[in-house]
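What follows is the residue order along each chain.
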Amino acid sequence: MNRFYIDAPLHIGETIILTETVFHHWCRVLRAKIHDQAVLFNGQGGEYLVELVNINKKDASIRILNFNPQNRTLPFQVTLGQVMSKGDRMDYAIQKSTELGVHAIQLLTSERCEMRLKYERDQKKIEHWQGIAIAACEQCGMNQIPQILSPMSVQDWIAQCTASLKLVMALSQESLQLPTPLPNNIAILIGAEGGLSPSEIETATQHGFLAWTIGERVLRTETAPIVALSILNTY
(Lines give C-alpha, C1' and ligand atoms only; values in the text may rest on other atoms or scores of the structure.)
Protein backbone atom coordinates (compact mmCIF):
# COMPACT_ATOMS: atom_id res chain seq x y z
CA MET A 1 0.00 0.00 0.00
CA ASN A 2 1.25 3.49 -0.83
CA ARG A 3 2.67 5.55 2.04
CA PHE A 4 2.96 9.34 2.06
CA TYR A 5 4.27 11.94 4.47
CA ILE A 6 1.88 14.83 4.99
CA ASP A 7 2.66 18.02 6.86
CA ALA A 8 -0.75 18.35 8.47
CA PRO A 9 -2.61 17.31 11.66
CA LEU A 10 -4.46 14.00 11.32
CA HIS A 11 -7.44 12.77 13.37
CA ILE A 12 -9.62 9.69 12.94
CA GLY A 13 -12.97 10.43 11.34
CA GLU A 14 -12.00 13.78 9.83
CA THR A 15 -12.13 14.65 6.14
CA ILE A 16 -9.27 16.84 4.98
CA ILE A 17 -7.79 18.16 1.74
CA LEU A 18 -4.49 16.64 0.68
CA THR A 19 -1.42 18.83 0.55
CA GLU A 20 -0.24 19.71 -2.94
CA THR A 21 2.73 17.34 -2.71
CA VAL A 22 0.68 14.28 -1.75
CA PHE A 23 -2.08 15.20 -4.23
CA HIS A 24 0.42 15.41 -7.08
CA HIS A 25 2.18 12.14 -6.22
CA TRP A 26 -0.86 10.03 -5.39
CA CYS A 27 -3.51 11.41 -7.72
CA ARG A 28 -1.48 12.72 -10.64
CA VAL A 29 1.55 10.45 -10.83
CA LEU A 30 0.01 7.23 -9.48
CA ARG A 31 -3.45 8.03 -10.90
CA ALA A 32 -5.36 7.14 -7.75
CA LYS A 33 -9.15 6.89 -7.90
CA ILE A 34 -11.97 7.55 -5.44
CA HIS A 35 -12.13 4.87 -2.71
CA ASP A 36 -8.43 4.04 -3.13
CA GLN A 37 -6.66 3.74 0.23
CA ALA A 38 -3.19 4.72 1.42
CA VAL A 39 -1.22 5.23 4.62
CA LEU A 40 -0.34 8.75 5.75
CA PHE A 41 2.03 9.81 8.52
CA ASN A 42 2.93 13.29 9.73
CA GLY A 43 6.09 12.57 11.73
CA GLN A 44 4.30 12.91 15.08
CA GLY A 45 4.21 9.16 15.63
CA GLY A 46 2.08 6.39 14.19
CA GLU A 47 0.32 6.21 10.84
CA TYR A 48 -3.21 6.60 9.49
CA LEU A 49 -5.21 4.59 6.99
CA VAL A 50 -7.07 6.98 4.69
CA GLU A 51 -9.49 6.73 1.78
CA LEU A 52 -9.91 9.09 -1.17
CA VAL A 53 -13.43 10.51 -1.18
CA ASN A 54 -13.17 13.30 -3.74
CA ILE A 55 -10.80 14.24 -6.57
CA ASN A 56 -10.87 17.60 -8.38
CA LYS A 57 -8.58 19.13 -10.96
CA LYS A 58 -6.48 20.93 -8.36
CA ASP A 59 -7.00 19.02 -5.12
CA ALA A 60 -8.45 15.93 -3.47
CA SER A 61 -10.07 15.03 -0.15
CA ILE A 62 -9.54 12.04 2.08
CA ARG A 63 -11.34 10.50 5.04
CA ILE A 64 -9.14 9.28 7.90
CA LEU A 65 -10.26 5.77 8.80
CA ASN A 66 -8.03 4.49 11.60
CA PHE A 67 -4.73 4.90 13.42
CA ASN A 68 -1.82 2.50 13.90
CA PRO A 69 0.58 3.59 16.69
CA GLN A 70 3.51 1.52 15.43
CA ASN A 71 6.65 3.53 14.60
CA ARG A 72 9.13 0.75 13.70
CA THR A 73 11.95 2.56 15.49
CA LEU A 74 14.96 1.03 17.22
CA PRO A 75 14.75 0.37 20.98
CA PHE A 76 17.45 3.03 21.43
CA GLN A 77 18.15 6.41 19.86
CA VAL A 78 21.17 6.79 17.59
CA THR A 79 22.49 10.21 16.63
CA LEU A 80 24.86 10.12 13.68
CA GLY A 81 27.55 12.81 13.61
CA GLN A 82 28.43 12.79 9.91
CA VAL A 83 31.09 15.00 8.39
CA MET A 84 29.65 16.33 5.14
CA SER A 85 30.84 15.04 1.78
CA LYS A 86 30.25 16.15 -1.80
CA GLY A 87 28.16 14.66 -4.58
CA ASP A 88 25.63 11.95 -3.91
CA ARG A 89 27.64 10.36 -1.10
CA MET A 90 25.88 12.45 1.53
CA ASP A 91 22.48 11.75 -0.03
CA TYR A 92 23.22 8.02 0.11
CA ALA A 93 24.42 8.12 3.72
CA ILE A 94 21.29 9.99 4.86
CA GLN A 95 18.92 7.76 2.91
CA LYS A 96 20.35 4.47 4.15
CA SER A 97 20.87 5.69 7.72
CA THR A 98 17.19 6.64 7.82
CA GLU A 99 16.17 3.22 6.54
CA LEU A 100 18.26 1.65 9.30
CA GLY A 101 16.54 3.64 12.04
CA VAL A 102 18.78 6.61 12.85
CA HIS A 103 17.14 9.09 15.24
CA ALA A 104 18.96 12.26 14.10
CA ILE A 105 21.83 13.26 11.82
CA GLN A 106 24.15 16.04 12.94
CA LEU A 107 25.94 17.57 9.96
CA LEU A 108 29.59 18.28 10.75
CA THR A 109 32.59 20.12 9.34
CA SER A 110 36.16 18.97 9.97
CA GLU A 111 39.76 19.53 8.90
CA ARG A 112 39.25 17.23 5.90
CA CYS A 113 35.64 18.15 5.18
CA GLU A 114 34.93 18.55 1.46
CA MET A 115 32.05 20.97 1.96
CA ARG A 116 31.85 24.45 3.40
CA LEU A 117 28.23 25.49 3.12
CA LYS A 118 27.73 29.22 2.71
CA TYR A 119 24.90 30.82 4.64
CA GLU A 120 22.66 31.31 1.59
CA ARG A 121 23.08 27.64 0.62
CA ASP A 122 22.66 26.15 4.08
CA GLN A 123 18.89 26.04 4.26
CA LYS A 124 18.36 24.75 0.71
CA LYS A 125 20.85 21.94 1.19
CA ILE A 126 19.44 21.00 4.59
CA GLU A 127 15.91 20.99 3.14
CA HIS A 128 17.15 18.73 0.33
CA TRP A 129 18.66 16.27 2.81
CA GLN A 130 15.55 16.44 5.02
CA GLY A 131 13.50 15.56 1.94
CA ILE A 132 15.69 12.52 1.36
CA ALA A 133 15.02 11.39 4.94
CA ILE A 134 11.27 11.87 4.47
CA ALA A 135 11.26 9.86 1.23
CA ALA A 136 13.24 7.10 2.95
CA CYS A 137 10.65 6.99 5.75
CA GLU A 138 7.86 6.71 3.19
CA GLN A 139 9.62 3.72 1.67
CA CYS A 140 10.82 1.86 4.75
CA GLY A 141 7.82 2.27 7.06
CA MET A 142 9.29 4.55 9.72
CA ASN A 143 6.78 7.06 11.06
CA GLN A 144 9.16 9.32 12.99
CA ILE A 145 11.44 11.28 10.69
CA PRO A 146 15.08 11.82 11.71
CA GLN A 147 15.94 15.50 11.92
CA ILE A 148 18.83 16.77 9.80
CA LEU A 149 20.60 19.23 12.10
CA SER A 150 22.40 22.35 10.90
CA PRO A 151 26.18 22.04 10.41
CA MET A 152 28.59 22.59 13.28
CA SER A 153 32.28 21.86 13.77
CA VAL A 154 33.26 18.37 14.81
CA GLN A 155 35.10 19.82 17.83
CA ASP A 156 31.99 21.62 19.07
CA TRP A 157 29.81 18.53 18.66
CA ILE A 158 32.32 16.32 20.44
CA ALA A 159 32.44 18.74 23.36
CA GLN A 160 28.66 18.91 23.80
CA CYS A 161 27.73 15.29 23.05
CA THR A 162 26.09 13.70 26.11
CA ALA A 163 25.14 10.26 24.74
CA SER A 164 25.54 7.31 27.10
CA LEU A 165 27.61 5.44 24.49
CA LYS A 166 29.86 7.48 22.19
CA LEU A 167 31.57 5.79 19.27
CA VAL A 168 34.03 7.15 16.73
CA MET A 169 34.70 5.17 13.57
CA ALA A 170 38.49 5.00 13.63
CA LEU A 171 41.22 2.44 13.24
CA SER A 172 42.32 0.94 16.54
CA GLN A 173 44.58 -1.87 17.67
CA GLU A 174 42.12 -2.79 20.40
CA SER A 175 38.94 -4.74 19.75
CA LEU A 176 35.84 -2.97 21.05
CA GLN A 177 33.06 -5.04 22.59
CA LEU A 178 29.77 -3.15 22.61
CA PRO A 179 27.89 -3.31 25.92
CA THR A 180 24.84 -5.55 26.23
CA PRO A 181 22.17 -4.35 26.42
CA LEU A 182 22.90 -1.15 24.55
CA PRO A 183 22.08 2.11 26.35
CA ASN A 184 19.13 4.29 25.33
CA ASN A 185 21.26 6.99 23.68
CA ILE A 186 24.13 6.32 21.28
CA ALA A 187 26.26 8.72 19.23
CA ILE A 188 28.40 7.69 16.25
CA LEU A 189 31.04 10.00 14.79
CA ILE A 190 32.08 9.45 11.17
CA GLY A 191 34.64 11.47 9.25
CA ALA A 192 34.73 12.68 5.67
CA GLU A 193 36.21 10.78 2.72
CA GLY A 194 39.72 11.40 4.04
CA GLY A 195 38.73 10.37 7.56
CA LEU A 196 39.12 12.30 10.79
CA SER A 197 42.52 13.82 11.54
CA PRO A 198 44.62 12.32 14.36
CA SER A 199 43.96 15.41 16.48
CA GLU A 200 40.19 15.11 15.97
CA ILE A 201 40.26 11.43 16.96
CA GLU A 202 42.33 12.30 20.02
CA THR A 203 39.86 15.02 20.99
CA ALA A 204 37.00 12.56 20.61
CA THR A 205 38.65 9.93 22.81
CA GLN A 206 39.43 12.57 25.43
CA HIS A 207 35.70 13.30 25.57
CA GLY A 208 34.73 9.68 26.09
CA PHE A 209 34.35 8.45 22.51
CA LEU A 210 35.41 4.84 21.99
CA ALA A 211 37.30 3.97 18.80
CA TRP A 212 35.25 1.44 16.84
CA THR A 213 37.00 -0.50 14.08
CA ILE A 214 34.78 -2.80 12.00
CA GLY A 215 36.74 -5.43 10.12
CA GLU A 216 40.15 -5.04 8.52
CA ARG A 217 39.12 -2.74 5.70
CA VAL A 218 38.81 1.03 5.54
CA LEU A 219 35.17 1.95 4.89
CA ARG A 220 34.05 4.88 2.77
CA THR A 221 32.30 7.77 4.51
CA GLU A 222 28.90 6.74 3.09
CA THR A 223 29.45 3.04 3.87
CA ALA A 224 30.51 3.44 7.50
CA PRO A 225 27.11 4.56 8.89
CA ILE A 226 25.34 1.73 7.08
CA VAL A 227 27.66 -0.91 8.51
CA ALA A 228 27.57 0.60 12.01
CA LEU A 229 23.78 0.91 12.11
CA SER A 230 23.34 -2.57 10.64
CA ILE A 231 25.37 -4.00 13.51
CA LEU A 232 23.39 -2.04 16.10
CA ASN A 233 20.17 -3.36 14.52
CA THR A 234 21.19 -6.89 15.51
CA TYR A 235 21.17 -6.04 19.24
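Provided above is the structure to which this section pertains.
Note that the structure is a prediction, hence the values are computed from the model and not measured.

Quick notes on the overall build of the protein
Phase 1: The helix and strand tally for the protein stands at six helices and 11 strands.
Phase 2: Taken over the C-alpha atoms alone, the protein extends approximately 60 × 40 × 30 Å along its principal axes.
Phase 3: The buried share of the protein, taken over its 235 residues, is 46%.
Phase 4: Long-range contacts, defined as pairs at least 24 residues apart, comprise 69% of the intrachain contacts of the protein with a sequence gap of at least 6.
Phase 5: Just so you have it, the protein exposes about 12,300 Å², and 48% of that area is on carbon and sulfur atoms.
Phase 6: Mean positive and mean negative side-chain charge positions of the protein (20 and 23 charges, respectively) differ by 7 Å.

Quick look at the side chain of N143
Phase 1: Tracing the sequence through the fold places N143 in the loop between α3 (119-140) and β8 (147-153).
Phase 2: Looking at N143, its side chain comes within polar contact range of the main-chain oxygen of Q70, at 2.6 Å.
Phase 3: Leave out the neighbours within four places in its chain, and N143 touches R3, F41, G43, Q44, G45, G46, E47, Q70, N71 and R72.

Let's talk about the sheet that holds strand β4 (residues 47-55)
Phase 1: Strand order in the open sheet formed by five strands is β1-β3-β4-β5-β2, and the pairing between neighbours is mixed. At either end of the open sheet lies a strand with only one pairing partner, and these are β1 (3-5) and β2 (15-17). The average undirected angle you get between the axes of adjacent strands in this sheet is 40°.
Phase 2: Taken together, the three bridges between β1 and strand β3 (residues 37-41) define a ladder with parallel strand orientation. The partner of Y5 across the bridge, within β3, is F41.

Let's talk about unusual backbone geometry
Most of the time, phi is negative for any residue but glycine, and the peptide bond is trans.
Phase 1: Note the cis peptide between T180 and P181, where omega equals -5°.
Phase 2: As for its placement among the helices and strands, P181 is situated in the loop between β9 (165-169) and β10 (185-190).
Phase 3: The phi dihedral of H35 is positive, around 85°, even though this residue is not glycine.
Phase 4: Inspection of the secondary structure puts H35 in the loop between α1 (20-29) and β3.
Phase 5: Looking at H35, the relative accessible area reads 56%, which means it is exposed.
Phase 6: Positioned with a positive phi, R72 is a non-glycine residue whose angle comes to about 60°.
Phase 7: By secondary structure assignment, the location of R72 is in the loop between β5 (60-68) and β6 (77-83).
Phase 8: Judged by relative accessible area, which is 36%, R72 ranks as partly exposed.

So, the pattern of salt bridges
Phase 1: Counted according to the given criterion, the structure contains six salt bridges.
Phase 2: Ionic pairing is found between R3 and E47, a salt bridge with its closest N-O pair at 2.6 Å. Highlighted residues: R3 in strand β1 and E47 in strand β4, separated in sequence by 44 residues. With respect to burial, R3 and E47 carry one shared label: buried.
Phase 3: Ionic contacts of the salt-bridge type, sharing partners, join the residues R89, E193, R220 and E222 into one network.

Some points on the packing of aromatic side chains
Phase 1: Taken as a whole and assessed by the stated rule, the structure comprises four aromatic pairs.
Phase 2: Centre to centre, the rings of Y48 and F67 are 4.8 Å apart; their planes meet at 45°, and the pair counts as tilted. Here Y48, found in strand β4, pairs with F67, found in strand β5; they are 19 residues apart in sequence, far enough to count as distant.
Phase 3: Since its relative accessible area comes to 35%, F67 is described here as partly exposed.

A look at the layout of surface pockets
Phase 1: Looking at the largest pocket, its volume works out to about 410 Å³.
Phase 2: The wall of the largest pocket is formed by 20 residues, among which M169, A170, L171, V218 and L219 lie closest to the centre.
Phase 3: Split into classes, the residues belonging to the lining of the largest pocket amount to 12 nonpolar, five polar and three charged.

Brief notes about the nonpolar core
Phase 1: Formed by 49 residues in total, the largest nonpolar core has its most connected members in W129, I186, I188, L189 and L232.
Phase 2: Apart from residues no more than four positions distant in its own chain, I188 is found in contact with V78, T79, L80, G81, W157, L167, M169, A228 and L232.
Phase 3: Residues F4, L10, Y48 and L52 belong to the second largest nonpolar core, which totals 18 residues.

How each quantity is defined
Residues numbered from 1 in each chain as written. Predicted model: local features only at pLDDT ≥ 70, side-chain atom pairs only at ≥ 80, totals over all residues. Heavy atoms only, no water. Helix = DSSP H or I, 4+ residues; strand = E, 2+ residues; numbered from the N terminus. Buried < 20%, exposed > 50% of the residue type's maximum accessible area, 1.4 Å probe, protein only. Contact = heavy atoms within 4.5 Å. Areas by Shrake-Rupley, 256 points an atom, 1.4 Å probe, with all protein chains shown as cover. Lys, Arg positive; Asp, Glu negative; His and termini not counted. Charge placed at Lys NZ, Arg CZ, Asp CG, Glu CD. Polar contact = N/O pair within 3.5 Å; in protein donor to acceptor, adjacent residues only side chain to side chain. Pairing = 2+ DSSP bridges. Axes fitted to C-alpha atoms, helices over the stretch in contact; angles between N-to-C directions. Salt bridge = Lys/Arg side-chain N within 4 Å of Asp/Glu carboxyl O. Phe/Tyr/Trp six-rings, centres within 6.5 Å; stacked < 30°, edge-to-face > 60°. 1 Å grid on protein atoms, 1.4 Å probe; cavity = no way out; pocket = protein on both sides within 12 Å on 5 of 7 lines; lining within 4 Å. Points joined across faces, edges and corners; volume = space filled by probe spheres on them. Nonpolar A, V, L, I, M, F, W, Y, C, P; charged D, E, K, R; others polar. Core = buried A, V, L, I, M, F, W, Y, C linked by side-chain atoms within 4.5 Å.

In short, geometric facts, not functional conclusions.
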